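# Secondary and tertiary structure notes
The residues making up each chain are set out below.
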Amino acid sequence: MNHYLYSLLALDIARQRSREAEQHWLESALIGTAPSRASRLRRVAAQLLASVSRGSASIVRRLDSCVADDLGRALAPAE
């Protein structure tokens, strides 16, 4: 078969899928779907986990700086 025919068929299929996706997007925009309760719970859980992660990272940075200072003094040559 002709490769131009394959190209035209592929473009036609892509155009049709794009049109279907746009129609689906418009339908969901008109319905005004609100986020479900489960997604809100997941978002809150993710924010909570992120704050715990940031807090623990801050604590680790402080500990690293203290330990590095102590280690530097302990390894200093004795006079």
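Residues numbered from 1 in each chain as written. Predicted model: local features only at pLDDT ≥ 70, side-chain atom pairs only at ≥ 80, totals over all residues. Heavy atoms only, no water.

### Digging into the overall build of the chain
The helix and strand inventory of the chain stands at two helices and zero strands. Counting across all 79 residues of the chain, residues that qualify as buried make up 1%. In the form shown here, the chain has an accessible surface area of approximately 7,500 Å², with 62% of it arising from carbon and sulfur atoms. (Helix = DSSP H or I, 4+ residues; strand = E, 2+ residues; numbered from the N terminus. Buried < 20%, exposed > 50% of the residue type's maximum accessible area, 1.4 Å probe, protein only. Areas by Shrake-Rupley, 256 points an atom, 1.4 Å probe, with all protein chains shown as cover.)

### Considering the pattern of salt bridges
For the coordinates displayed, the defined rule picks out one salt bridge. A salt bridge links Asp-12 to Arg-15; the nearest nitrogen and oxygen atoms lie 3.9 Å apart. With Asp-12 and Arg-15 both in helix α1 (residues 3-31), this residue pair falls three residues apart, about one helical turn. Since its relative accessible area comes to 48%, Arg-15 is described here as partly exposed. (Salt bridge = Lys/Arg side-chain N within 4 Å of Asp/Glu carboxyl O.)

### Considerations on α1
With 29 residues, α1 extends 42 Å between its outermost C-alpha atoms, agreeing within 8% with the 42 Å of an ideal straight helix rising 1.5 Å per residue. Just downstream of α1 lies Gly-32, where phi reads positive at about 70°. (Expected span 1.5 Å × (residues − 1).)

### Things to note about a nonpolar patch on the surface
Together, Leu-5, Tyr-6 and Leu-9 give the surface a local cluster of nonpolar side chains, amounting to about 280 Å² of exposed area. If you trace the backbone, Tyr-6 turns up in helix α1. (Patch = residues over 30% accessible without salt bridge, like charges linked within 9 Å, V, L, I, M, F, W, Y side chains within 5 Å.)

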